[in-house]
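Each chain is listed here by its residues.
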Amino acid sequence: MKINPFELERYFAKYEFTSKYLLSSSDCESLSLHELMQMADAETHYLWENLKLGYTESSGHPKLKAEIVKLYHSISADEINVMVPEEGIFVAMNCMLERGDHVISTFPGYQSLFEIANSMGCEVSKWAPQYQKGWQFNIAELESLIQKNTKLIVINFPHNPTGATISKENLLEIISLCKQSNILLFSDEMYRFLEYTPKDQLPSASDLYENAISLFGLSKSFALPGLRIGWLTSKNKRLMQEIASFKDYTTICNNAPSEILSIIALRNKDKIFKRNLKIILENLETLNLFFRKHKTMFEWCPPKAGPIAFPGLKTELSVQQFCIDLVEQKSVMLLPSSVYKFAGNYFRIGFARKNMKEALVNLENYILEKQKITGLN
């Protein structure tokens, strides 16, 4: 399989580690090792201090899976396979799909969710949201995309990059559509538990539908992307067996230190979620004020979940040029919609970093300087 370049990752590779302010990051302010170890109980402290750096159990440490189970209503330990989040997408798509299958995916989005299928020779239809006082995904539009050979529907809620989400009723409608036509459902749930209010919190699709497979992990909601730990959950035993076999050709097993650190994180999930949501909600208030001040230049409606949003740039200047000028002149990184191959003058902004206010000062200085020179408004 020859796969197209991952446009978002190539853009990040160019600017992520040279920019002072990452105002487009989709993860939360990362926890330090010291902060995480401060949360360790006696058992996990012992596991860490006495860890042998040998091979680990392929599907994940039993104590880690025992903690993951607590995030679900009906998933059991043998319905979990722990792996790198990106690996989870790659492995699952290869196990579910064949050349000629039809796939529907939320779009714009994390490129792996549809590009792997495309590179395998599948036909891909994109389910895009409309901007109506915020980004909205219409279930009727999803239904209209279903074909006789639709094999898989891919969803991602809370959604990257728009920050959109759906209701539990909408999720049940999607599952009903899948059941009617015997369609598999892949649910990217990497931003789960970052909904701003409990009423907007979605259950895992893998809890609700036997032919759903869900992806979750520690990169976003847990503020631990450096651990590279995620997992797939599904009640479809045949599919999970195929995934376990395919993983023998990728990582085989997980990183031993990361698994122990992950157990610590999961045992402190409520504390970590509360910490991350505090950063997100405080920064969101600041963003609302910023965009209200610059409403002639930006189109903005705050999201209901997650650490990212997808506002519009209301100028003749292309958003790609705007973002490149900004990062090169002020060392502030935003992500233009062009990296998603999504039409329109939109950009991804992230607001779960502690230095966001400082980054906004630099963004505002750029805007003011640009206005003086070109009359940009």
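### Regarding the side chain of serine 206
For step 1, the next point in the chain: By the secondary structure assignment, serine 206 is in helix α9 (residues 205–208).
For step 2, the next point in the chain: Within the structure, serine 206 has its side chain in polar contact with the side chain of threonine 233 (distance 2.9 Å).
For step 3, the next point in the chain: The contact partners of serine 206, leaving out residues within four places of it in the chain, are Tyr72, Ile75, Glu189, Ala212, Ser214, Thr233, Ser234 and Lys235.

### Digging into the sheet that holds strand β16 (residues 347–350)
For step 1, the next point in the chain: Pairing in this open sheet of three strands is antiparallel, and the strands run β12-β16-β15 from one edge to the other. Each edge of the open sheet is held by one strand with a lone partner, namely β12 (308–309) and β15 (335–336).

### What to know about the pattern of salt bridges
For step 1, the next point in the chain: Evaluated as defined, the whole model comprises 15 salt bridges.
For step 2, the next point in the chain: For glutamate 79, the salt bridge is made with lysine 235, and the minimal N-O distance between the two is 3.8 Å. Within this pair, whereas glutamate 79 is found in the loop between α4 (62–68) and β2 (80–83), its partner lysine 235 is found in the loop between β10 (230–234) and α10 (237–247), the two being separated by 156 residues in sequence.
For step 3, the next point in the chain: Residue glutamate 79 is classed as buried on the basis of its relative accessible area, which comes to 7%.
For step 4, the next point in the chain: For lysine 235, a relative accessible area of 26% corresponds to the partly exposed category.
For step 5, the next point in the chain: The salt bridge partner of glutamate 364 is lysine 293, with a shortest N-O separation of 2.9 Å. In this pair, glutamate 364 is assigned in helix α14 (residues 356–374) and lysine 293 in helix α12 (residues 269–293), connecting sequence segments 71 residues apart.
For step 6, the next point in the chain: Under the relative-accessibility criterion, glutamate 364 is labelled buried at 18%.

Parameters at a glance
- Residues numbered from 1 in each chain as written.
- Predicted model: local features only at pLDDT ≥ 70, side-chain atom pairs only at ≥ 80, totals over all residues.
- Heavy atoms only, no water.
- Helix = DSSP H or I, 4+ residues; strand = E, 2+ residues; numbered from the N terminus.
- Polar contact = N/O pair within 3.5 Å; in protein donor to acceptor, adjacent residues only side chain to side chain.
- Contact = heavy atoms within 4.5 Å.
- Pairing = 2+ DSSP bridges.
- Salt bridge = Lys/Arg side-chain N within 4 Å of Asp/Glu carboxyl O.
- Buried < 20%, exposed > 50% of the residue type's maximum accessible area, 1.4 Å probe, protein only.

Fair warning: the whole summary comes from geometry, so function is off the table for now.
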